[in-house]
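Summary of structural features
Here are the chains, one letter per residue:
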Amino acid sequence: MRREDEPFFADAVWEMFRLRHQPHRLMASNSEGMLIRRWIDANIPLPIVERGIMETTGKPGTLMACERPVERAYDYYRRAMCL
């Protein structure tokens, strides 16, 4: 991912989480921001992160609850693409 695309990625991830699970929250916490940074550093494509967020069940209070579903979606993607 290009450096200039990182803010777009972070904003898109937060908005997806917020709209899907926590519409009343306006800002991500520091730990949620660090999780998004890990996904950026791991080069996980935005649609894969969004899939993991969409597959998170229940009413998660933080983005941290989406970490495992995103990891599962990324594992599936890598296997499907033979990466």
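Below, the structure is looked at part by part. Owing to the predicted nature of the structure, the values given are computational and were not obtained by experimental measurement. (Residues numbered from 1 in each chain as written. Predicted model: local features only at pLDDT ≥ 70, side-chain atom pairs only at ≥ 80, totals over all residues. Heavy atoms only, no water.)

Quick look at the overall build of the chain now. Along the chain, the regular secondary structure elements total 4 helices and 0 strands. For the chain, the sequential pattern of α-helices and β-strands runs α-α-α-α. For the chain, whose C-alpha radius of gyration is 12 Å, the value lies close to the compact-globule estimate of 12 Å for 83 residues. Considered along the principal axes of its C-alpha atoms, the chain spans approximately 40 × 30 × 20 Å. (Helix = DSSP H or I, 4+ residues; strand = E, 2+ residues; numbered from the N terminus. Rg over C-alpha atoms; globule rule 2.2 N^0.38 Å.)

If you look at the biggest cluster of nonpolar residues, it comprises 19 residues, and the most contacted ones within it are Phe 9, Val 13, Trp 39, Ile 44, Val 49, Ile 53 and Leu 63. Those elements giving two or more residues to this core turn out to be α1 (6-21), α2 (30-41), α3 (46-55) and α4 (67-80). Top contributing element to this core by residue count: α1, with 5 residues. Apart from the residues within four sequence positions on either side, Phe 9 is in contact with Met 1, Ile 36, Trp 39, Ile 40, Ile 44, Pro 45, Leu 46 and Val 49. (Core = buried A, V, L, I, M, F, W, Y, C linked by side-chain atoms within 4.5 Å. Buried < 20%, exposed > 50% of the residue type's maximum accessible area, 1.4 Å probe, protein only. Contact = heavy atoms within 4.5 Å.)

Next up on the list: unusual backbone geometry. Across residues other than glycine, the phi torsion is negative in most instances, and most of the peptide bonds are trans. Of note in this structure, Asn 43 is not a glycine but carries a positive phi near 60°. Take Asn 43: it is sitting in the loop between α2 and α3. Its relative accessible area of 49% is what places Asn 43 among the partly exposed residues. A positive phi angle, close to 55°, is found at Cys 82, a residue other than glycine. Assignment of secondary structure puts Cys 82 in the segment after α4.

Those residues of α3 not exposed but buried are Leu 46, Ile 48, Val 49, Gly 52 and Ile 53. Down the axis of α3, the sector holding all buried residues measures 165°, keeping them to one side. Considering only its buried residues, α3 is in contact with α1, α2 and α4. (Arc of directions from axis to C-beta.)

Turning our eyes to something else, we now look at the packing of α1 against α3. α3 packs onto α1 with a crossing angle of 20° between their chain directions and a minimal axis gap of 10 Å. The pairing of α1 with α3 is recorded here as roughly parallel in orientation. Remark: the crossing between α1 and α3 carries right-handed chirality. Contacts from Phe 8, Phe 9, Ala 12, Val 13, Met 16, Phe 17, Arg 20 and His 21 in α1 reach Leu 46, Val 49, Glu 50, Ile 53 and Met 54 in α3. Its residues assigned to classes, the contact of α1 with α3 comprises 10 nonpolar, 1 polar and 2 charged. (Axes fitted to C-alpha atoms, helices over the stretch in contact; angles between N-to-C directions. Parallel < 35°, antiparallel > 145°, perpendicular 65-115°, else oblique. Left-handed = near helix turned anticlockwise from the far one by under 90°. Nonpolar A, V, L, I, M, F, W, Y, C, P; charged D, E, K, R; others polar.)

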